[in-house]
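Structural description and commentary
What follows is each chain in one-letter form.
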Amino acid sequence: MLRKIGVALAGALLSVAVVAEPSVEMQTTMGRIVIELDSEKAPRTVRNFLQYVNEGFYNGTVFHRVIPGFMIQGGGFTVDLEQKPAPRKVENEAKNGLRNDRGTIAMARTSDPHSASSQFFINHRDNGSLNHPSPDGWGYTVFGRVTQGIEVVDKIAGVPTGNRAMHQNVPLEPVTIQSVRIISEKGKP
């Protein structure tokens, strides 16, 4: 009897661990990327990102800055490279211990460490210079990691790019984020 209870308890704990963090599915014109978010170490950033997801903000935006061997950046511009208004900013959480390693997702920002709003980037390689403390004393907040679709990240990183208007490293053919949706929530299967 105790053994059955132990097995049931272990199974319950395992299922809780599996769904401990929210995950999102990002469908792009180049394929599907699944990202597990870390709401334990970056709670404000994840909450901000998920609010944009729930509003449908990312649907129809593009990866507007692609630098192979560095990162792919998106979440703020339309196909016509018009910047979408993103009114909410989030406090920098780069001191959370998460590192800008290959396959992690982090918030893009200006030189103001607390200026991150909707734009994010996925690291194409380990980018230690972006970790806390970066040269500006802050770093870039990592808030999750790609769990499926790293090959899609690699494909996006390999597209031909050029200059367009005032922007550099813009894909010559748009790479569109068709949709982003939550596929599991913390504490829910």
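Let us look at the structure shown here. (Residues numbered from 1 in each chain as written. Predicted model: local features only at pLDDT ≥ 70, side-chain atom pairs only at ≥ 80, totals over all residues. Heavy atoms only, no water.)

Remarks on the overall build of the chain
Within the chain, the secondary structure is distributed over three helices and ten strands. Listing the helices and strands of the chain from first to last along the sequence gives α-β-β-α-β-β-β-β-β-α-β-β-β. Taken over 189 residues, the chain has a buried fraction of 47%. Sequence-distant contacts, at least 24 apart, represent 70% of the contacts inside the chain between residues at least 6 apart. When the accessible surface of the chain is summed, it comes to about 9,700 Å², and 55% of that surface belongs to carbon and sulfur atoms. (Helix = DSSP H or I, 4+ residues; strand = E, 2+ residues; numbered from the N terminus. Buried < 20%, exposed > 50% of the residue type's maximum accessible area, 1.4 Å probe, protein only. Contact = heavy atoms within 4.5 Å. Areas by Shrake-Rupley, 256 points an atom, 1.4 Å probe, with all protein chains shown as cover.)

Topic: the packing of aromatic side chains
According to the stated counting rule, one finds nine aromatic pairs in the structure shown. Seen from their ring centres, F49 and F120 are 6.0 Å apart, and the 85° between their planes marks the pair as edge-to-face. Here F49, found in helix 2 (residues 43-54), pairs with F120, found in strand 6 (residues 120-123); they are 71 residues apart in sequence, far enough to count as distant. One exposure class covers both F49 and F120, and it is buried. Centroid distance Y58 to F120: 5.5 Å. Interplanar angle 80°. Geometry classified as edge-to-face. Residue Y58 is located in the loop between helix 2 and strand 3 (61-67), and its partner F120 is located in strand 6; the two are separated by 62 residues in the primary sequence. The exposure class assigned to Y58 is buried, which follows from its relative accessible area of 1%. Assessed through its relative accessible area of 0%, F120 is described here as buried. Sitting over the ring of Y52, R88 keeps its end group 4.0 Å from the ring centre. The ring centre of W138 lies 5.4 Å from the NZ or CZ of K95, which sits over that ring. (Phe/Tyr/Trp six-rings, centres within 6.5 Å; stacked < 30°, edge-to-face > 60°. Lys NZ or Arg CZ within 6 Å of the ring centre and 35° of its normal.)

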